[in-house]
Amino acid sequence: MKFDTPAGQNPIDQLKVVGKPTDRIDGRFKTTGTAPYAYERHDVVPGQAYGYVLGAGIAKGRVRRIDVAAAERAPGVLAVVTTLDMPKLGLGRMNTASLFGGDAIQHYHQAIAVVVAESFEQARAAAFLIRADYAPEPGTFDLAREAAAAKPVTAGSGEGSGSGGEDRTGDFEGAFARAPVQLDETYTTPDESHAMMEPHATIAAWEGDKLTLWTSNQMIAWGKESVAKILGLPKENVRLDSPYIGGGFGGKLFVRSDAVLAALAAKAAKRPVKVALTRPLIANNTTHRPATIQRVRIGATAEGTITAIAHESTSGNLPDGRPETAVDQTKLLYAGANRLTALRLAHLDLPEGNAMRAPGEAPGLMALEIAMDEMAEKLGLDPVAFRLRNDTQVDPGKPERPFSHRDLAGCLTLGAERFGWARRNPKPGQVRDGHWRVGIGMAAGFRNNLLTKSGARVRLGRDGRVTVETDMTDIGTGTYTIIGQTAAEMMGVPLDRVVVRLGDSAFPASAGSGGQWGANNSTAGVYAACVKLREAVAQRLGINSTDAVFADGAVRAGNRATPLAEAASAGELVGEDVIEYGDLSKKQQQSTFAGHFVEVAVDADTAEIRVRRMLAVCSAGRILNPKSARSQVIGGMTMGVGGALMEELTVDKRRGFFVNHDLAGYEVPVHADIPHQEVIFLDEVDPQSSPMKAKGVGELGICGVGAAVANAVYNATGVRVRDYPITLDKLLDHMPDAA
């Protein structure tokens, strides 16, 4: 199905099933421990052995020799495979660092060996008997030191965020110099880890020259293609199966070493092998969100109209890596005739930097939305009013290109009303609650809406059940449920008459889970397949498909009503199709928006920060399932608090690795850190987006939250921290008197 004209009235608009706050149909499996995650697929193939991955002990250099004799003699060991046993393997889709093979070491904890044994404990013990001899080389590990030499680079996140090395509209420097009110500040964000609950894990089994991987991967079609490329196999000889994923946040978008080493180990041991990466390897061997140094300049009239805006960001990565695209939202979020955005990339020999939830916008808004508050203060304007004054309905760099639907103003005004913004004291450090200083802050949220091809197959059985098959994944997002709701709406059956099967590369290729594109595109693919199935049903029943109404388990045409199951009485009917998009997104900018509001309390003596309440108001098209969408947004809000107050991978700048590489040292928010969260979705649709008229919300929830927290801390204390995370040591020396 080609989607190249705005959606008109269609069966989804009935909203009998779609749009309802439905419990997740996979929820009972996850809460009872019966959902089969990758490492727990004990039943899929017999005789599974255990692999343990050993990482390099240097950050840069070469491996001279690996002594595996003691490991091979250890109890239970079946095989040992080292990086010196083969040449460097090719790179998969969007991999920057080599996953295995050859003697070159690009980063600390790069995989150098995998040990296979009868038990996990035996494999781990044997791995510690391996002795590697290295030839270390000097490396660069300090972004601040390397920033001056960083080169301009044109790059995209692969998720809609990107920029040229330097993009200009109008005359920024001239307009900024002439502006009566100016802001010029620098902000930094640290390296961050995805810290998902489920580690990277894979079970691999060979049947002749055919390979099956039961793995944890967000993008099945990409993963299949990458595994085939890396291992030199025909694509048709590779199968990936990933029905449940315990979190990914972008860390499982691409194939990592667990999948490759499980396959190589299974080949060497001649039996199935399961591999899970340990926490230190998740931090140092896989990917992370790169640190940034961001400079924001804003020039405005005395009345608060922005005349010049610039956002420049520097980040680091391995050679051939990409920058953190932190400036993209600044191209689109606020008006202003004279504009400059720029990306620079420094060479660092740290582990690979790559996509993490809302790459680009998440760290970019952490800087831009503090700058907007600082500029509002200079102007003597309310922060909400300043943003509203500079709202726009067109792409500021291409005024001829409107937004398909933009209601940032609705998010901000409703949010301010519901949060009690009018009661906020604009003078920092004035509100006390016992020994706590209390402050309120806000920020705008922004994330693009991305359209990508997605396919599905829908079956109608003789029993009247509808079965959906697509390689789409559920990474904790509620995908099973919204796909089931879509099929139920289209075929006119209750949700409990729909079976959803996901995550198998034997199914039609979908959009996959990432970039908040999954919900809208995967359900649109199911919509397209259901249209095909409806046509097949109508043909079988001898009626015109355009006249057929599918409702209450029956098909009606005129005065005739036939049970849906009757259409399949002579045999199963199948509809399969792919949603493909025209140029609607090129003609009109498709984006999502939010207003984030936060109240914090800061201890007057210790500078301990506590978040008290949070609100997000979201403008994101039709909400397919308000219950699971709310879960996505509050999850993003929680990650935003982590980015604001605690998350930071600490770099050992001598040896080039992340020191706090486990969940004991890398702090993330827990239940005790997160108070009441409220989410409001504006009632809207966007016909330009898809037949579902929906957009994404999974990443919008994190975008802007960090700055809202930072602005609230400033309002509480009068101390402006521009270097994340905002820890008490950055506040203590500057806090006002506690008396």
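Residues numbered from 1 in each chain as written. Predicted model: local features only at pLDDT ≥ 70, side-chain atom pairs only at ≥ 80, totals over all residues. Heavy atoms only, no water.

Participant: An account of the sheet that holds strand E31 (residues 591-603) is requested, with residue identities and associated values reported.
Facilitator: Taking strand neighbours across the sheet as the criterion, the five strands line up as E22-E23-E31-E32-E35 in an open arrangement whose pairing is mixed. Each edge of the open sheet carries a strand with a single partner, namely strand E22 (432-433) and strand E35 (676-681). Here strand E32 (residues 609-619) pairs with E35 via six bridges, running parallel. Looking at the pairing, Arg613 lines up with His676 of E35. On the sheet, helix H17 (residues 705-717) packs against strand E23 (436-448), E31 and E32 and is oriented at approximately 155° with respect to E23. (Pairing = 2+ DSSP bridges. Helix = DSSP H or I, 4+ residues; strand = E, 2+ residues; numbered from the N terminus. Contact = heavy atoms within 4.5 Å. Axes fitted to C-alpha atoms, helices over the stretch in contact; angles between N-to-C directions.)

Participant: For the sheet that holds strand E1 (residues 2-3), give the residues involved together with the corresponding values.
Facilitator: If you walk across this open sheet you meet the five strands as E1-E30-E24-E25-E26, and the pairing is mixed. With partners counted over all chains shown, the strands left at the sheet margins are E1 and strand E26 (498-502), one partner each. Strand direction decides the pairing type here: strand E24 (residues 454-460) and strand E25 (residues 466-470), joined by four bridges, are antiparallel. Residue pairing for E25: Arg457 is matched across the bridge by Glu469. Sheet contacts for helix H12 (residues 479-491): E25 and E26; angle to E26, the most-contacted strand, approximately 135°. Across the face of the sheet, helix H13 (residues 518-541) comes into contact with E24, E25 and strand E30 (573-581) while running at roughly 140° to E30.

Participant: Give a detailed account of unusual backbone geometry, specifying residues and quantitative values.
Facilitator: Residue Tyr724 is joined to Pro725 through a cis peptide bond whose omega torsion reads -5°. Structurally, the position occupied by Pro725 is in the loop between H17 and helix H18 (729-732). A positive phi angle, close to 60°, is found at Lys270, a residue other than glycine. Phi at Asp552 takes a positive value of approximately 55°, unusual for a residue other than glycine. By secondary structure assignment, the location of Asp552 is in the loop between strand E27 (549-551) and strand E28 (554-557).

Participant: Summarise the UniProt feature "domain: Aldehyde oxidase/xanthine dehydrogenase a/b hammerhead" (unreviewed entry) in the chain; cite the residues concerned and give the values.
Facilitator: Those residues carrying the UniProt feature "domain: Aldehyde oxidase/xanthine dehydrogenase a/b hammerhead" (unreviewed entry) are residues 32-138 in this numbering. Across residues 32-138, helical content stands at 12% and strand content at 33%; the span's end C-alpha atoms are separated by 50 Å. (UniProt positions renumbered as here; feature names shortened; annotations may be inferred.)

Participant: Before we move on, could you go through the packing of aromatic side chains and cite the residues and values that matter?
Facilitator: Enumeration over the complete set of coordinates arrives at 14 aromatic pairs. The positively charged end of Arg613 is found above the aromatic ring belonging to Phe419, 3.8 Å away from the centroid. (Phe/Tyr/Trp six-rings, centres within 6.5 Å; stacked < 30°, edge-to-face > 60°. Lys NZ or Arg CZ within 6 Å of the ring centre and 35° of its normal.)

Participant: Could you give an account of the packing of H12 against H13, naming the residues involved and the relevant values?
Facilitator: At a minimum axis distance of 9 Å, the contact between H12 and H13 shows a crossing angle of 30°. Relative to H13, H12 is oriented roughly parallel. As for the relative orientation of H12 and H13, their crossing is right-handed in sense. Residues Ile482, Ile483, Thr486, Ala487, Met490 and Met491 of H12 touch H13, and the partners they reach there are Ala519, Ser522, Thr523, Val526, Tyr527, Cys530, Val531, Leu533, Arg534 and Val537. A per-class count over the contact of H12 with H13 returns 12 nonpolar, three polar and one charged. (Parallel < 35°, antiparallel > 145°, perpendicular 65-115°, else oblique. Left-handed = near helix turned anticlockwise from the far one by under 90°. Nonpolar A, V, L, I, M, F, W, Y, C, P; charged D, E, K, R; others polar.)

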